[in-house]
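# Close look at the chain arrangement
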Amino acid sequence: MEKVIELENLNKNFPGFSINDLNLNINKGYVTGFVGANGSGKSTTIKMIMNLIKPDSGDLKIFGMEHGDYEKTIKQKIGFVYDDNIYYEGLSLRDLQKIIAPVYHDWNNETFYNYIEKFELPLNKPIKNFSKGMRMKASLVLALSHNPELIIMDEPTAGLDPVFRKDLLKTIQEIMMDEDKSIFFSTHITSDLEKIADYIVFIKDGDIIFNHSINTLQNDFALVKGNRSLIDRDTEQEFDYISFKEDTFEAMTKKPRKIAEIFGDEVIIDKISLEEIMYFFNGVE
Amino acid sequence: MLYFLKRDLILQKKLLWLYVPFILIFVFTWSSPFLIFTVAALYIPYNALAYDEQVNSDKLLNSLPYTRLEITLYRYLGTLVYTAVSILLVSMILMLFDKPFTVYDIGIGVSFFLLIASFTYPLFQIFKQGNITTIIIVAFVLSIGLLSTLSEYLDDFSNAIANSAIDQSLLFTVLILSVLIIYFISWFITYSIYRTKDF
Amino acid sequence: MKILLSNSSKDPFYNQIYEQIKSLILSDELKDGEGLPSMRKLAYDLGVSVITVKRAYDELEKENFIYSIVGKGSFVSENNIALIKEKKMQAVEEQLQAVVTNSKEVGISLDELQEMINLFYKE
């Protein structure tokens, strides 16, 4: 499968935090959700992709090109949305359009106005009077109006109410009707991802723990509940993480079919949510 | 390049109305014409810096299709463009009010401004965001104070040049060239710092 | 295309889509040679990820229920053996269901029924 982002052995050291030998490939034509706790390295990774942070070592390719020689070519084809405010507060969307449109070869005013209308945004009001949700939509309009091939978003749903989030997810799905588009975005609201993401990348303490398709997660991961007495040294091997309550246990397994064979009706094998997967990976003994 | 000029002008559309009154204040309170050229040249570029500081504009600029070399270079070239505009504007105002000035006033005034810029632009890269407004204000007050005290000597100096026997145009050219070289070195320092920065 | 997905089902989305398209084909609601919506269109309509629909289509194709032509899309297979077998199976299941219901009504036991089937089968 064609890759849109390829990170190979990336290293970056900060005081108190580091990313070591990070490897990550993002497939073209799909939505990839990027999850992990706060401070796990999501923003750092996204900033390295955007060349806002320079890795100490390693290879980084976007559309198969490196920033060194092709930074401008790459960024012409990227749309970005960040969770902090990067647009001048006193300016209106019309002002921002005037400033940003000439930067992109493929800027399309028709697309711009379509999104403004769709999101019901005021053209002439300064951004500083916008609500959090409107700001996100404004960023989205400015990110999408040059018809980017790759859309990178850092926590676009943070602090947004469910209605706004639904609009965003619908927009993402609309974009994905075009198979040449790819979307990579970080979020901590995992329920948003479970429906629309094709792949989920989970990062913890600067390490990529997994990069799976949503089908793999739904099919191969399961939540198992049962009596504590069922767990002994042998059966323990079949689980990846176990948490015990008084007489019962809850565990994550990557072999739900084998568990069903071993325990039969003695345990409950349930669908596991992304949130629960993260919870288990994040620190159950 | 166009992006940067356009951005500065759109950002400052309100402040630009104050540009002419701002110059007029100095025209009527200061006697040394070269100082007026210095102060007028400061206006647009330093306001632009103050605006950039309010938001994380480096994050925006570096996410747009620009290289870090371009971002720093356009800041320096843009400053030269605004300086040219300020020279025209101040000259017109001075002529309108019948205030005498010479080409040396322009040369020395602008050289002064470019030296201030050469010194402060790299500083902005070293200090953290959030301090920039402070730096601008301090640099502004300091340079105005410094200039006011120096102005007498400089007036004498420019008179001396005007009256001396040395080839004036040669001296003038050497002055302008050295200032431009310092300005270029300043850009190079700024770029060297900016190149490896994390945003 | 009429597909309904359940959030609470233990069955993953791709399997729900697979099963429902399969039964649409078996019940002839989707006719031989008929085109299926594109994967991306269906994903959008159902509000699920593209790869989920892709997996369902891949499985359907693997079992010859549908076939794909690059650049044109996916279509219901015509006269394929797996399909015919499935259809027969479905018919047999329906008929057996009727047999069991009728047998129960007149009080034929399972043993008696199995004996009868044995005799028929050996004929």
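The structure presented is a predicted model; accordingly, all values stated were derived computationally and were not measured.

Before going further, it helps to spend a moment on the interface of chain C and chain A. Interfaces are often described in size by the accessible area the parts lose on coming together. The interface of chain C with chain A comprises 19 residues on the first partner and 22 residues on the second. Both sides of the chain C and chain A interface together cover about 1,900 Å² of buried area, and 50% of this is carbon and sulfur. Of all residues in chain C, the largest losses of buried area upon contact with chain A belong to Arg 40, Tyr 44 and Ile 51 of chain C, amounting jointly to 39% of the total for that side. Of all the elements in the fold, those that place two or more residues in the side of chain C that touches chain A are helix H1 (13-26), helix H2 (39-46) and helix H3 (50-62) of chain C. Counting residues per element, the side of chain C that touches chain A draws most heavily on H3 of chain C, which supplies five residues. Of the residues belonging to the side of chain C that touches chain A, the class tally is eight nonpolar, five polar and six charged.

Turning our attention to the sheet that holds strand S2 (residues 17-27) of chain A. Residue and element names in this part refer to chain A. Taken together, the three strands give an open sheet; going across it, the order is S2-S1-S4, and neighbouring strands pair in antiparallel fashion. Lying at the two open borders of the sheet, with one neighbouring strand each, are S2 and strand S4 (57-62). Averaged over all adjacent pairs, the angle separating strand axes in this sheet is 15°, with direction ignored. The pairing of strand S1 (residues 3-14) with S2 spans eight bridges and is antiparallel. Bridged to Lys 3 within S2 is Asn 27.

This part covers the domain arrangement of chain A. Residues and elements named next belong to chain A. When cut into domains, chain A gives domain 1 (3-213) and domain 2 (221-281). With eleven residues of domain 1 at the interface, the matching set in domain 2 holds eight residues. Counting each side, the surface lost to burial between domain 1 and domain 2 is near 750 Å², with a carbon and sulfur contribution of 78%. On the surface where domain 1 and domain 2 come into contact, there are zero salt bridges. When contributions to the side of domain 1 that touches domain 2 are tallied by element, the ones reaching two or more residues are helix H7 (190-196), strand S8 (199-204) and strand S9 (207-213). Looking at the side of domain 1 that touches domain 2 residue by residue, the class counts come to six nonpolar, three polar and two charged.

Moving on to the interface of chain B and chain A. With 26 residues of chain B in contact, the opposing surface of chain A contributes 28 residues. At the surface where chain B touches chain A, the tally comes to four salt bridges. Where Lys 12 of chain A meets Asp 198 of chain B, a salt bridge forms, and the shortest distance between an N and an O atom there is 3.0 Å. Joining chain B to chain A, the criterion identifies twelve residue pairs in polar contact (both at pLDDT 80 or more).

Another point: the packing of helix H5 (residues 132-144) of chain A against helix H6 (residues 162-175) of chain A. Residues and elements named next belong to chain A. Running from amino to carboxyl end, H5 crosses H6 at an angle of 15°, the nearest separation of the two axes being 10 Å. With respect to their mutual orientation, H5 and H6 come out roughly parallel. When the axes of H5 and H6 are compared, the crossing they make is left-handed. Here Gly 133, Met 134, Met 136, Lys 137, Leu 140 and Leu 144 of H5 lie close against H6, whose contacting residues are Phe 164, Asp 167, Leu 168, Thr 171 and Ile 175. When its residues are assigned to classes, the contact of H5 with H6 shows seven nonpolar, two polar and two charged.

Reading guide: rules and limits
Residues numbered from 1 in each chain as written. Chains lettered and ligands numbered in written order. Predicted model: local features only at pLDDT ≥ 70, side-chain atom pairs only at ≥ 80, totals over all residues. Heavy atoms only, no water. Contact = heavy atoms within 4.5 Å. Buried area = accessible area lost by both parts, 1.4 Å probe. Helix = DSSP H or I, 4+ residues; strand = E, 2+ residues; numbered from the N terminus. Nonpolar A, V, L, I, M, F, W, Y, C, P; charged D, E, K, R; others polar. Pairing = 2+ DSSP bridges. Axes fitted to C-alpha atoms, helices over the stretch in contact; angles between N-to-C directions. Domains from an automatic or database assignment. Salt bridge = Lys/Arg side-chain N within 4 Å of Asp/Glu carboxyl O. Polar contact = N/O pair within 3.5 Å; in protein donor to acceptor, adjacent residues only side chain to side chain. Parallel < 35°, antiparallel > 145°, perpendicular 65-115°, else oblique. Left-handed = near helix turned anticlockwise from the far one by under 90°.

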